[in-house]
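Next come the chains, spelled out residue by residue.
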Number of protein chains: 2
Amino acid sequence: MRIAELSRQSGVPVPTIKYYLREGLLPAGELTSPNQASYGETHLRRLRLIRALIDLGQVPVARVKDILEGLDSDDLPLHDQIGRAHRAITPTRPASANTEARTAAAVQVGDLITRRGWQVEPDAPALTTLIETVAALRTLDQDHLADYLDAYADAVEKFTALEVASVTTRTDPDQIAESVVIGTILGETLIAALRLLAQESISAHSWPRD
Amino acid sequence: MRIAELSRQSGVPVPTIKYYLREGLLPAGELTSPNQASYGETHLRRLRLIRALIDLGQVPVARVKDILEGLDSDDLPLHDQIGRAHRAITPTRPASANTEARTAAAVQVGDLITRRGWQVEPDAPALTTLIETVAALRTLDQDHLADYLDAYADAVEKFTALEVASVTTRTDPDQIAESVVIGTILGETLIAALRLLAQESISAHSWPRD
DNA sequence: GTTAATGGATACTGCTACTATCCATCACAG
DNA sequence: CTGTGATGGATAGTAGCAGTATCCATTAAC
């Protein structure tokens, strides 16, 4: 198929497809002549994945590129694929000052991780976010939320159990990697959306005409 | 305190504070003379809230303004405050085409909501996201994840229960509104970070040297 | 009484994710 | 075999966002 058809089937405008080609998100089509290329089913699938990560997962284009390079390089350990996915959805923070609140939060989070027996690298991107968030909650006088960390962790472990179960339905290594990446990123979108719906419903119940 | 002190205590550069003042995120200080204003504790608290929403919650400046206006307008029903918070973290999507996958996803999500007895307005921002995400998962051949919707919803209801319990520790209506907003937005950041940590730990267990 | 900071206004910047334009082919209908 | 429209590739332009920078006429503080 040529680019117009690819555009029609994916719903992505031709100039945008060209842009993804330029940025190396999408592999070039097979050249049949100096200015004619043909795209196949793989291109369509890849394009859909790109759009899902960008539109639903809010992943920046540069991070999408990272992820796709990871998926394309065979034999990359699954743990690294997950790392890329995590970095894609965790903005790198400029390491805030080590205030009192931050130090206390770091201790609390460290305790939680030990208590749970989690194995977490000390430079995990999510670690900083978690510490920073707990510190912010305390600074904003919302200790009640920060104090529920364990209960949150309980519920969160359910997700990971689900995801592990879900991934193990696949056998092909390439498919596993893709599932892990999509699950990590779109899973978050899914959970966030579900949570908002549950909240809205609860809020309608609890304060019908507050 | 004057602007330099506010900047020092909050860690926000003076030009940025001026920008927030211009944008109406931060109320003007009390003018003591044509070119001298004094800021108080409320300004500092507000500034910290702004930074938390922007840095941790990834809320765009314009949405932060929405939220703060909501918090400032007394007597705004809590349900509306929640609505603003939800809109702040749910990007408005340009309503994709009604493909087959989308329609099927809409049905599945509708069923889920009925089954759970959730009360959700048909134009809730999270609803579109959820439908779109389920549709994307199916298009990307990740049905296994989409099929676990109910299990996800189970775990998600735990969060809302936690948040309701947490909010009811407050009595002052203003504080409740603030808690709801912060809980909604930073709660998501918290959950996402915890989930990534749990994932990393599981992945280290399951595929130590894959 | 000089030096530095302030409030307020206006202009500029860097980044991201596209769009638009151009052009020399090329496919294909008539 | 000729004219019309699409294509690949390159380069340039754009819109929106979140600040930064500069300027200026005061004013605070030593």
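Keep in mind that this is a model prediction, so the values were computed, not measured.

> Would you take a moment to explain the overall build of chain A for this structure?
The helix and strand inventory of chain A stands at ten helices and two strands. The order of helices and strands in chain A, counted from the N terminus, is α-α-β-β-α-α-α-α-α-α-α-α. Relative to the globule expectation of 17 Å for 210 residues, the C-alpha radius of gyration of chain A, 21 Å, shows a markedly less compact shape. In terms of its C-alpha atoms, chain A occupies a principal-axis envelope of roughly 65 × 45 × 40 Å. Evaluated residue by residue, chain A yields a buried proportion of 41% over its 210 residues. The contacts in chain A between residues at least 6 apart in sequence include a share of 61% that link residues at least 24 apart.

> Can you walk me through the protein's contact with DNA strand D in this structure?
Neighbouring residues of DNA strand D: 23 residues in total, closest Ile3(A), Ala4(A), Ala37(A), Pro60(B) and Val61(B). Among the elements that line the surface near DNA strand D, the one with the most residues is helix 2 (residues 14-23) of chain B, at three residues. When the residues that make up the surface near DNA strand D are grouped by side-chain class, the tally is 13 nonpolar, eight polar and two charged.

> Where do I start with the relation of the copies chain A and chain B in this structure?
What connects the two chain copies is a rotation about an axis and a shift along it. Expressed as a screw transformation, the operator carrying chain A onto chain B has a rotation angle of 180° and an axial translation of 0.0 Å, and the superposed copies differ by an RMSD of 0.0 Å. Taken together, the turn and the small shift mark the pair as related by a two-fold rotation axis. Of every C-alpha in chain A, the one belonging to Ala155(A) sits nearest the axis of rotation, 2.8 Å from it.

> What should I look at first to understand the domain arrangement of chain A in this one?
One can read the domain layout of chain A as domain 1 (3-86) and domain 2 (90-147). Between the C-alpha centres of domain 1 of chain A and domain 2 of chain A there is a distance of 35 Å.

> What is the right way to read the protein's contact with DNA strand C from this model?
Close to DNA strand C lie 23 residues, the nearest being Pro60(A), Val61(A), Ile3(B), Ala4(B) and Ala37(B). Breaking the surface near DNA strand C down by element, the ones donating at least two residues are helix 2 (14-23), strand 1 (30-33) and helix 4 (61-72) of chain A together with helix 1 (3-10) and strand 2 (36-38) of chain B. Of the residues belonging to the surface near DNA strand C, the class tally is 13 nonpolar, eight polar and two charged.

> Mind showing me how you'd approach the environment of Lys18(A) here?
Residues and elements named next belong to chain A. Inspection of the secondary structure assignment puts Lys18 in helix 2. For Lys18, a count of 13 C-beta atoms within 10 Å gives the class partly exposed. Taking the C-alpha atoms as reference points, Lys18 and Ala28, separated by ten residues in sequence, lie 9.5 Å from one another.

> Explanation requested: the interface of chain A and chain B in the structure shown.
Accessible area lost when the parts come together is the quantity often used to give the size of an interface. Contacts between chain A and chain B engage 70 residues on the former and 70 residues on the latter. Taken together, the elements giving at least two residues each to the side of chain A that touches chain B come down to helix 3 (41-56), helix 5 (78-89), helix 7 (125-139), helix 8 (143-146), helix 9 (149-167) and helix 10 (173-206) of chain A. No other element matches the 25 residues that helix 10 of chain A contributes to the side of chain A that touches chain B. Considered class by class, the residues forming the side of chain A that touches chain B number 39 nonpolar, 23 polar and eight charged.

> I'm lost on the packing of helix 9 of chain A against helix 9 (residues 149-167) of chain B in this one. Help?
When two helices pack together, their arrangement is given by the angle between the helix axes and by the axis-to-axis distance. Relative to each other, helix 9 of chain A and helix 9 of chain B sit at 170°, their axes nearing to 10 Å. What the angle tells us is that helix 9 of chain A and helix 9 of chain B run roughly antiparallel. In this structure, helix 9 of chain A contributes Ala151(A), Tyr152(A), Ala155(A), Lys158(A), Phe159(A) and Leu162(A) to the contact, and helix 9 of chain B contributes Ala151(B), Tyr152(B), Ala155(B), Lys158(B), Phe159(B) and Leu162(B).

> Can you walk me through helix 7 (residues 125-139) of chain B in this structure?
Along an α-helix, residues three or four positions apart point the same way, because every turn accommodates 3.6 residues. Residue and element names in this part refer to chain B. The end-to-end C-alpha distance of helix 7 is 22 Å, a good match for the 21 Å that 15 residues give at a rise of 1.5 Å each. Taking burial as the measure, the 15 residues of helix 7 include 13 buried ones, the bulk of the element. Among the residues trailing helix 7, Asp141 stands out with phi positive, at a value near 60°.

> Would you take a moment to explain helix 3 (residues 41-56) of chain B for this structure?
Given a rise of 1.5 Å per residue, 16 residues ought to cover 22 Å, and the 22 Å separating the end C-alpha atoms of helix 3 of chain B matches this to within 8%. For helix 3 of chain B, every residue scored as buried is listed here: His43(B), Arg46(B), Leu47(B), Leu49(B), Ile50(B), Arg51(B), Ala52(B), Leu53(B) and Leu56(B). Those residues of helix 3 of chain B that are buried lie in contact with helix 7 of chain A together with helix 1, helix 2, helix 4 (61-72) and helix 10 (173-206) of chain B. Note on helix 3 of chain B: the residue one or two positions beyond its end, Gln58(B), has a positive phi of about 55°.

> I would appreciate a short explanation of the environment of Leu186(B) in the present structure.
Within the secondary structure, Leu186(B) sits in helix 10. With 23 C-beta atoms counted inside 10 Å, the residue Leu186(B) sits in the buried group. Here the alpha-carbon distance between Leu186(B) and Gln108(B), two residues 78 residues apart in the chain, equals 29 Å. Dropping the residues within four chain positions of it, Leu186(B) is found in contact with Thr133(A), Ala136(A), Leu137(A), Ala52(B), Leu56(B) and Gly57(B).

> Mind showing me how you'd approach unusual backbone geometry here?
In most cases, non-glycine residues show a negative phi, while peptide bonds are predominantly trans. Residue and element names in this part refer to chain B. Phi at Gln58 takes a positive value of approximately 55°, unusual for a residue other than glycine. Along the chain, Gln58 turns up in the loop between helix 3 and helix 4. In the Ramachandran plot, Asp141 falls in the positive-phi region, its phi being about 60° despite a non-glycine side chain. Relative to the assigned elements, Asp141 resides in the loop between helix 7 and helix 8 (143-146).

Rules and cut-offs
Residue numbers here run from 1 along each chain, matching the order of that chain's written sequence. Written order decides the labels, with chains lettered from A and ligands numbered from 1. Owing to the predicted nature of the model, reporting of local features is limited to residues with pLDDT of at least 70; listing and counting of side-chain atom pairs is limited to 80 or more, with chain, interface and lining totals taken over all residues. To qualify as a helix, a DSSP run of H or I must reach at least 4 residues; to qualify as a strand, a run of E must reach at least 2; elements of each kind are numbered from the N terminus. Using C-alpha atoms as the atom set, the radius of gyration is obtained and then compared with a globule rule of 2.2 Å times the number of residues to the power 0.38. With C-beta atoms placed from the backbone, the exposure class of a residue follows from how many other C-beta atoms lie within 10 Å of its own: 20 or more, buried; 12 or fewer, exposed; in between, partly exposed. Contact between two residues is assigned when their C-beta atoms, built from the backbone, lie within 7 Å. The criterion for a residue being near a molecule or strand is simple: its C-beta atom, placed using the backbone, must lie within 6 Å of it. Throughout this entry, Asp, Glu, Lys and Arg are counted as charged residues, while Ala, Val, Leu, Ile, Met, Phe, Trp, Tyr, Cys and Pro are counted as nonpolar. The remaining residues, Gly among them, count as polar. For this overlay, a least-squares fit was computed on C-alpha atoms, restricted to residues scoring pLDDT of at least 70 in both copies. Domain limits in this description derive from either an automatic procedure or a database domain assignment. The angle between two axes is taken between their N-to-C directions and runs from 0 to 180 degrees, where each axis is a line fitted to C-alpha atoms and a helix contributes only its stretch in contact. To sort the angles, those under 35 degrees are grouped as roughly parallel, those over 145 as roughly antiparallel, those from 65 to 115 as roughly perpendicular, and the leftovers as oblique. What a helix should span is 1.5 Å times the count of its residues minus one.

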